[in-house]
There are 2 protein chains.
Amino acid sequence: MNERLRYIRNNLKSQNIQGMIVSNPVNINYITNIDAEGVLLLTLKENIYITDDRYIEKVQRTLTIDDEIIVTNRRDLSPEDYENFFMFCENVGFEENYVTYAKYKEIMHLYKIHSLVETEGIIEKQRQIKDKDEIRYIRKACEITDDCFTYILKYIKKGMTEKQIADEIEKYFKASGGVCAFDTIVASGENSSMPHAVPSDRKIVSGDVITIDMGCSYNGYCSDMTRTIFIDTISDSLKKMYDLVLNNQLIALDEIKDGTSIKIVSRIVEGNLKVNGYDLMHALGHGIGMNVHESPIISAKNEKCLKENMVIAIEPGIYTRNAGIRIEDTVLVTKNGCETLTNSTKDYCIIS
Amino acid sequence: MNERLRYIRNNLKSQNIQGMIVSNPVNINYITNIDAEGVLLLTLKENIYITDDRYIEKVQRTLTIDDEIIVTNRRDLSPEDYENFFMFCENVGFEENYVTYAKYKEIMHLYKIHSLVETEGIIEKQRQIKDKDEIRYIRKACEITDDCFTYILKYIKKGMTEKQIADEIEKYFKASGGVCAFDTIVASGENSSMPHAVPSDRKIVSGDVITIDMGCSYNGYCSDMTRTIFIDTISDSLKKMYDLVLNNQLIALDEIKDGTSIKIVSRIVEGNLKVNGYDLMHALGHGIGMNVHESPIISAKNEKCLKENMVIAIEPGIYTRNAGIRIEDTVLVTKNGCETLTNSTKDYCIIS
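Criteria and thresholds
Residues numbered from 1 in each chain as written. Chains lettered and ligands numbered in written order. Predicted model: local features only at pLDDT ≥ 70, side-chain atom pairs only at ≥ 80, totals over all residues. Helix = DSSP H or I, 4+ residues; strand = E, 2+ residues; numbered from the N terminus. Pairing = 2+ DSSP bridges. Buried ≥ 20, exposed ≤ 12 C-beta atoms within 10 Å, placed from the backbone. Arc of directions from axis to C-beta. Contact = placed C-beta atoms within 7 Å. Core = buried A, V, L, I, M, F, W, Y, C linked by C-beta atoms within 7 Å. Least-squares fit on C-alpha atoms with pLDDT ≥ 70 in both. Axes fitted to C-alpha atoms, helices over the stretch in contact; angles between N-to-C directions. Parallel < 35°, antiparallel > 145°, perpendicular 65-115°, else oblique. Left-handed = near helix turned anticlockwise from the far one by under 90°. Nonpolar A, V, L, I, M, F, W, Y, C, P; charged D, E, K, R; others polar. Domains from an automatic or database assignment. Expected span 1.5 Å × (residues − 1).

Engineer: Which residues make up the overall build of chain A, and what values do they have?
Structural biologist: Assigned secondary structure in chain A consists of 10 helices and 20 strands. Seen through its principal axes, chain A has C-alpha atoms that stretch 70 × 40 × 35 Å.

Here you go:
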């Protein structure tokens, strides 16, 4: 059986769960490499992937004998087949953070399960810890992102629109074998005051602050990086804001290692910003991997600790009515510290 | 109060539901024009949008006094505030097709609601019937799609890859003021046998069938069109397949008008294909609007009837081991028939 599948099965067993219905396509892809529409059943005896005519061929091509997954066409299943899948299971798990309430009821009805239990993100937790291949892909995504930033610094000129810059970033990623991991943010001037601004037709002018939040997906794995740059000049007040954000990012990175309390590192940054009159308007960061935002969230509400081989993004930011500054890197948690995987300069970038 | 909001409120009342929690951002956007992260509460007395620091400014800019929506910052709310929102409601509705099981439990806990009831897609049903503005946006999205198809027919040359063609379509949409409504499918040669193929590095060669499934999103509204084209030549067997698909699409379009049974029109096409030795591997079609796939699904399982001003995509297709043919148009259901909004040629397109 493939290793990831074996790991989940062992984990389920320790939670007294004898079967599981995996519906989230990202989780299915993580376990099986299958990229299709369907559902993965872990029953007492077998692993079964149910799909339909549209995908059967593709799925058969993806799986190997080592996966030990039986592929079934939905149309060949009778209502009794569904009822039999989990017949001897005391508890059957499902993904409570993915499955809608309507789907939950449908599952109960279809499989006639007596005890359908929450798995508390069992697979999402497993995905937090990256293996060598995953780290390799994320590293490559980060490399492309760094290269793109170097390129875009030379590309940006006054008179260009935010959209133009965002499009150029997308083009760069594609030409490098990646795609955008999320909608690139290019927020200039007063637009930078909104952490989630959408690139507009606003033209870059002298004196602008520009927040660029960009990430590349390479072979299914994401990077996430933000840099804030300046056009022609940087005012003293913006310099102060920039220094405050950068220092806090560096303080956070300095704290990060296997065992770091997520709550404490978040509180440190929150406190530092508060003393200076700012609120941390969003989480300090988030896990990153197959999804650009995944478990663990790095915020004061998270009671868990960081672990070796987690990959996370750390992105403090402060926003006033007129401008915003955010600095973000993707980092790999190591035993004794962390390795920054995005390495674009964090000196003042003033372009003209 | 804005009209869409009033309509939902009246609908809720007729279902004996006194309040509703709207979580789906597309539904919120439909009702309010808000494009942010937050939740819309329809309480007995008020309409309240709860968001956070990141979006407050943007949301305030979007809403007008006519909306009658109060904007609240999450951080200003106490646990008691949440409990008070629905205090005098007998039944409170939620979106069972959007809210996850975990979120459902969180809502129950946060708002202390005794009777949280499914609304059976109340807003999705409202969204099925398009108003004048919505039809105008979809019409424009379809126009861009037609223009793009004309352009791409001239662009495609042997030796190009599927990815290159898909990228060019994306560029065209962007240059026309739109974006891709979904990941464009360009499936050539044997790849066309998979209805959901992802554009690959496969190069176009003489004798290829190419299925191009493309859609544009303009001002938030989508188009969806598929054409199957041929390189240099078309074999007699492919011609036969093409005719069968096209005839069935035309038969379906001919059936469509206000009052048409969705089940019956789907059955007619299924039956016609079956007689010729093919299965309809996917639904005959789907509603289209703010989402590229939305209610109603056009399949034999749907017992409902079409209504005037629905916009739907009709996309019969057949697939063998070596090739696939699919033809799809976006159409507007009218009182006495339907208007095809995508109008690219359905004659044999043989390019060289």
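From this point, things continue past the structure.
Engineer: For the sheet that holds strand E9 (residues 209-214) of chain B, give the residues involved together with the corresponding values.
Structural biologist: All names here are of chain B. The strand order E8-E9-E12-E20 describes an open sheet built from 4 strands, whose pairing is mixed. In this open sheet, the two edge strands, each paired with only one partner strand, are strand E8 (185-188) and strand E20 (350-351). Pairing of E8 with E9, which is carried by 4 bridges, proceeds in the antiparallel orientation. Pairing of Ala187 across the sheet is with Thr211, part of E9.

Engineer: Any chance you could break down helix H2 (residues 25-32) of chain B for me, citing the residues and the numbers?
Structural biologist: Residues and elements named next belong to chain B. What H2 keeps buried is the set Asn27, Ile28, Tyr30, Ile31 and Thr32. Considered in projection along H2, the buried side chains sweep an arc of 165° and stay on one side of the axis. For H2, the secondary structure elements touched by its buried residues are helix H1 (3-14), strand E1 (19-22), strand E2 (39-42), strand E3 (47-51) and helix H6 (122-128). After H2 finishes, the residue Asn33 shows a positive phi value of roughly 75°.

Engineer: Tell me what's going on with the nonpolar core, and back it up with residues and numbers.
Structural biologist: Counting residues in hydrophobic clusters, the biggest one holds 62 residues, and the most contacted among them are A:Ile21, A:Leu40, A:Val92, B:Ile21, B:Val22, B:Leu40 and B:Val92. Other than its neighbours up to four places away in sequence, A:Val92 contacts A:Ile17, A:Gly19, A:Met20, A:Ile21, A:Phe86, A:Ile113, A:Ser115, A:Leu116 and A:Val117.

Engineer: Any details on the relation of the copies chain A and chain B? Residues and values, ideally.
Structural biologist: For the pair chain A and chain B, the superposition axis carries a translation of 0.1 Å, the fit reaches an RMSD of 0.0 Å, and the rotation angle comes to 180°. Such a turn and shift between the copies fits a two-fold axis. If distances are taken from each C-alpha of chain A to the rotation axis, the shortest is found for A:Thr100, at 1.9 Å.

Engineer: Any chance you could break down the pairing of E9(B) for me, citing the residues and the numbers?
Structural biologist: All names here are of chain B. For E9, the buried fraction is high: 6 of the 6 residues fall into the buried class. Burial along E9 is two-sided: the face carrying Val209, Thr211 and Asp213 and the face carrying Ile210, Ile212 and Met214 are both buried. Where E9 and strand E12 (residues 225-231) come together, 6 bridges link them in antiparallel fashion. Note that in E12 the partner of Asp213 across the bridge is Thr226.

Engineer: Report on the packing of helix H7 (residues 132-155) of chain B against helix H8 (residues 162-175) of chain B, specifying residues and quantitative values.
Structural biologist: Residues and elements named next belong to chain B. Contact pair H7 / H8: the axes reach a minimum separation of 10 Å and the direction vectors enclose 140°. Between H7 and H8, the angle falls in the class oblique. H7 and H8 meet at a crossing whose hand is right-handed. Counted together, Ile144, Cys148, Tyr151, Ile152 and Tyr155 of H7 and Ile165, Glu168, Ile169, Tyr172 and Phe173 of H8 form the full contact between these two elements. Considering only residue class, the contact of H7 with H8 consists of 9 nonpolar, no polar and 1 charged.

Engineer: How would you explain unusual backbone geometry if you had to name every residue and give the values?
Structural biologist: The phi angle of most residues is negative, glycine excepted, and most peptide bonds adopt the trans form. All names here are of chain A. Cis peptide bonds are those with omega within 30 degrees of zero, and the linkage from Ser295 to Pro296 qualifies with 0°. As for its position among the elements, Pro296 is in strand E14 (residues 294-298). In the Ramachandran plot, Asn16 falls in the positive-phi region, its phi being about 60° despite a non-glycine side chain. Secondary-structure assignment places Asn16 in the loop between helix H1 (3-14) and strand E1 (19-22). You can call Asn16 exposed: it has 9 C-beta atoms within 10 Å.

Engineer: How would you summarise the pairing of strand E2 (residues 39-42) of chain A if you had to cite specific residues and measurements?
Structural biologist: Residues and elements named next belong to chain A. For E1 and E2, the ladder comprises 3 bridges, and the chain directions are antiparallel. By the bridge assignment for E2, Val22 is matched with Leu40. Bridging between E2 and strand E3 (residues 47-51) involves 4 bridges; their strand directions are antiparallel. For Val39, the partnering residue across the bridge sits in E3 and is Ile50.

Engineer: Lay out the domain arrangement of chain A with the relevant residues and their values.
Structural biologist: Residue and element names in this part refer to chain A. Each domain of chain A was delimited in the assignment, giving domain 1 (3-127) and domain 2 (132-351). The gap between the C-alpha centroids of domain 1 and domain 2 is 36 Å. Here the element with the most residues in the side of domain 1 that touches domain 2 is helix H6 (residues 122-128); it accounts for 3 residues. Here the residues of the side of domain 1 that touches domain 2 are counted per class, giving 2 nonpolar, 1 polar and 3 charged.

Engineer: Any details on the environment of B:Gln126? Residues and values, ideally.
Structural biologist: Residue and element names in this part refer to chain B. Inspection of the secondary structure puts Gln126 in helix H6. Separated by 96 residues in the primary sequence, Gln126 and Tyr30 place their C-alpha atoms 9.9 Å from one another. If sequence neighbours within four positions are ignored, Gln126 has contacts with Tyr7 and Ile8.

Engineer: Explain the environment of A:Phe173 to me, using residue names and the numbers behind them.
Structural biologist: Of note, A:Phe173 is situated in helix H8 (residues 162-175). Excluding anything up to four places from it in sequence, A:Phe173 contacts A:Ile144, A:Cys148, A:Gly178, A:Val179, A:Cys180 and A:Cys216.

Engineer: An account of the sheet that holds strand E18 (residues 329-333) of chain A is requested, with residue identities and associated values reported.
Structural biologist: The strands that make up a sheet pair up through hydrogen bonds in the backbone, lying either parallel or antiparallel. Residues and elements named next belong to chain A. On the basis of which strands lie adjacent, the open sheet formed by 5 strands has the order E14-E13-E15-E18-E19 and antiparallel pairing. With one partner strand each, in any of the chains shown, E14 and strand E19 (338-340) form the two edges of the open sheet. Direction aside, the axes of adjacent strands within the sheet are offset by 30° on average. Relative to E19, E18 runs antiparallel, the two sharing 3 bridges.

Engineer: Lay out the packing of helix H9 (residues 236-255) of chain A against helix H10 (residues 262-275) of chain A with the relevant residues and their values.
Structural biologist: Residue and element names in this part refer to chain A. One can describe the packing of H9 onto H10 by two numbers: an axis separation of 10 Å at closest approach and a directional angle of 160°. By the criterion of interaxial angle, the relationship of H9 to H10 is roughly antiparallel. Every pair of crossing elements has a handedness; the one defined by H9 and H10 is right-handed. Between H9 and H10, the contacting residues are Asn248, Ile251, Ala252 and Glu255 on the first element and Val265, Ile268, Val269, Asn272 and Leu273 on the second. Among the residues making up the contact of H9 with H10, the classes are represented as 6 nonpolar, 2 polar and 1 charged.

Engineer: Explain H10(A) to me, using residue names and the numbers behind them.
Structural biologist: Residue and element names in this part refer to chain A. With 14 residues, H10 should reach 20 Å at 1.5 Å per residue; the first-to-last C-alpha distance of 20 Å fits that figure. Among the residues of H10, Ile262, Val265, Ser266 and Val269 are the ones counted as buried. All buried residues of H10 project into a common sector of 100° when viewed along the axis, lining one side. Of the residues in H10, the exposed ones pointing more than 90 degrees away from the buried face are Ile264, Lys274 and Val275. Buried positions along H10 lie against H9 and E14.

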